[in-house]
Amino acid sequence: MHSEFDLIARYFTPATPDPESGVVMGVGDDCALLAPTPGRRLAVSVDTSVCGVHFPPDAPPEAVGHRALAVSLSDLAAMGARARWCFMSLSLDESEDAWLEGFSRGFLTLCEATGTRLAGGDITRGELAIGVTVMGEVAPEAAMTRGGGRPGDLVAVTGALGGGAGGLAAWQAGERDPVHPLLQRYLTPRPRLAAGEALAGLATAAVDISDGLLADLGHILEHSGGGAHLEPETLPLAEGLVAALGEEGARQAALTGGDDYELLVCLPAEELDEARRRLAALELPLTVVGRLTRAPGVSGVPAAQRTGWQHFRGAPPGGTS
Ligand SMILES: Nc1ncnc2c1ncn2[C@@H]1O[C@H](COP(=O)(O)OP(=O)(O)O)[C@@H](O)[C@H]1O
Ligand SMILES: Cc1ncc(C[n+]2csc(CCOP(=O)(O)OP(=O)(O)O)c2C)c(N)n1
Ligand SMILES: [Mg+2]
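Residues numbered from 1 in each chain as written. Chains lettered and ligands numbered in written order. Predicted model: local features only at pLDDT ≥ 70, side-chain atom pairs only at ≥ 80, totals over all residues. Heavy atoms only, no water.

Student: Is there a simple way to think about the site of ligand 2 in this case?
Tutor: By nearness alone, 16 residues border ligand 2, and His54, Tyr186, Ser210, Asp259 and His311 come closest of all. Contact between ligand 2 and His54: an oxygen atom at 2.8 Å from a side-chain N or O atom of the residue. With respect to ligand 2, the side chain of Ser210 contributes an N or O atom lying 2.7 Å from an oxygen atom. Compared with its free state, where it exposes 590 Å², ligand 2 has 85% of that area covered by protein. When residues of the shell around ligand 2 are sorted by domain, at least three fall in each of domain 1 (4-138) and domain 2 (154-301). (Near = heavy atom within 4 Å. Polar contact = N/O pair within 3.5 Å; in protein donor to acceptor, adjacent residues only side chain to side chain. Areas by Shrake-Rupley, 256 points an atom, 1.4 Å probe, with all protein chains shown as cover. Domains from an automatic or database assignment.)

Here is the structure:
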């Protein structure tokens, strides 16, 4: 049995100090001391991942670590920010070495890959849950908010959709092949940080797709005003999704499944070629799925399909009512 101090020292203390990281004081003191770049805005976001709600209890620990960070970094991507620092609070029922080793590897490998420095956190005993605060930097005029969309703007998405829900369905059906494309989409989503930075300055508004395309488009409409017309037949569907869920199921997963962590952006039609050119350098497609309209509401998809993930709808996980 390890104390939490042993766990921090063993699993969550970066091996090498990095003067470039801007961490003046990192893991170990009462607070971290960070040195932000002068003239940049700090972009800060937190998301919580709860066992049984955001990932299955038997998910591989590497995936749990990766995913908990990825979903937070995805918010930085949607803002067009460059990731710099993260803080991780971990509530854990048992300090099992094998699990912690995998979890910290998944988490720190994604830190490394995205230039994010773990600068602090908290560990407590309790049901398994991970809260990750991320901090990034963005030029003041470049931040992509949810509120800048204008009627006539194209609505476009990066990558492919529906893989999050398709992967969850595959996991629940017993699929465990780590290279299964849908499982990978669900368990180890890739935050679109480079795409976010590339689109900042071109897009008028952006959001990451965590709750589902329609729900997250709804957030843009709330902030930007107006409505949208969608063309669901243009939705880019994740690899293997139609084979797994059928044509209709695949489209519904892409519209409402959530967990895709792609970016939804609004942009003037004249910026489309440049946006695509920038994303092509990242080998990422940008697909136009509709347009913003002056008239409020969403047209082009049946009202019955317009749901998305909501935490407080239905019974609690494991509950009976
Ligand atoms: N408990 C809370 N206290 C204060 N602000 C919150 C809380 N929960 C969510 N928010 C804020 O509400 C907004 C929407 O949150 P959320 O739907 O979780 O966004 P996202 O999908 O980007 O994670 C964000 O600005 C977030 O910071
Ligand atoms: C075991 C399991 N069941 C269901 C889901 C589906 N799911 C859970 S939360 C969620 C939406 C995203 O999570 P949220 O906490 O709303 O993130 P945010 O929008 O704040 O980024 C989805 C699609 C899942 N990921 N894992
Ligand atoms: Mg959130």
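Student: Sorry, what's going on with the site of ligand 1 here?
Tutor: Asp47, Asp75, Arg146 and Ser210 make up every residue found near ligand 1. Asp75 places a polar side-chain atom, nitrogen or oxygen, 2.8 Å from an oxygen atom of ligand 1. At 3.5 Å from an oxygen atom of ligand 1 is found a side-chain nitrogen or oxygen belonging to Ser210. The fraction of the free accessible surface of ligand 1 (560 Å²) that becomes covered by protein chains is 28%. Its residues placed into classes, the shell around ligand 1 shows no nonpolar, one polar and three charged. (Nonpolar A, V, L, I, M, F, W, Y, C, P; charged D, E, K, R; others polar.)

Student: Help me understand the UniProt feature "binding site: ATP" (unreviewed entry) in the chain in this model?
Tutor: Here, the residues flagged by UniProt with the feature "binding site: ATP" (unreviewed entry) are Gly121, Asp122, Arg146 and Ser210. A maximum C-alpha distance of 30.9 Å is found for the annotated residues, which run over 90 residues; spatially they are spread out rather than grouped. Examined against the element boundaries, Asp122 turns out to sit in strand 5 (residues 117-125). According to the relative accessible area criterion, Asp122 is partly exposed, its value standing at 46%. (UniProt positions renumbered as here; feature names shortened; annotations may be inferred. Helix = DSSP H or I, 4+ residues; strand = E, 2+ residues; numbered from the N terminus. Buried < 20%, exposed > 50% of the residue type's maximum accessible area, 1.4 Å probe, protein only.)

Student: Is there a simple way to think about the side chain of Ser49 in this case?
Tutor: Summarising the element assignment, Ser49 is placed in strand 3 (residues 41-50). For Ser49, a relative accessible area of 3% corresponds to the buried category. Non-local contacts of Ser49, meaning those with residues more than four positions away in its chain, are made with His54, Phe55, Ala68, Val71, Ala129 and Ile130. (Contact = heavy atoms within 4.5 Å.)

Student: Sorry, what's going on with the domain arrangement of the chain here?
Tutor: You can read the domains of the chain as domain 1 (4-138) and domain 2 (154-301). Each of domain 1 and domain 2 was reduced to a C-alpha centroid, and the two centroids are 25 Å apart. Where domain 1 abuts domain 2, roughly 1700 Å² becomes buried across the two surfaces, and 62% of that area is made up of carbon and sulfur atoms. For Arg67, the salt bridge is made with Asp259, and the minimal N-O distance between the two is 3.0 Å. Linking domain 1 with domain 2 are eight residue pairs in polar contact (both at pLDDT 80 or more), by the criterion used here. Taken together, the elements giving at least two residues each to the side of domain 1 that touches domain 2 come down to helix 2 (61-79), strand 4 (82-92) and helix 3 (97-114). Broken down by element, the side of domain 1 that touches domain 2 gets its largest block of residues, eleven residues, from helix 2. Along the lines of polarity and charge, the residues of the side of domain 1 that touches domain 2 split into 14 nonpolar, five polar and four charged. (Buried area = accessible area lost by both parts, 1.4 Å probe. Salt bridge = Lys/Arg side-chain N within 4 Å of Asp/Glu carboxyl O.)

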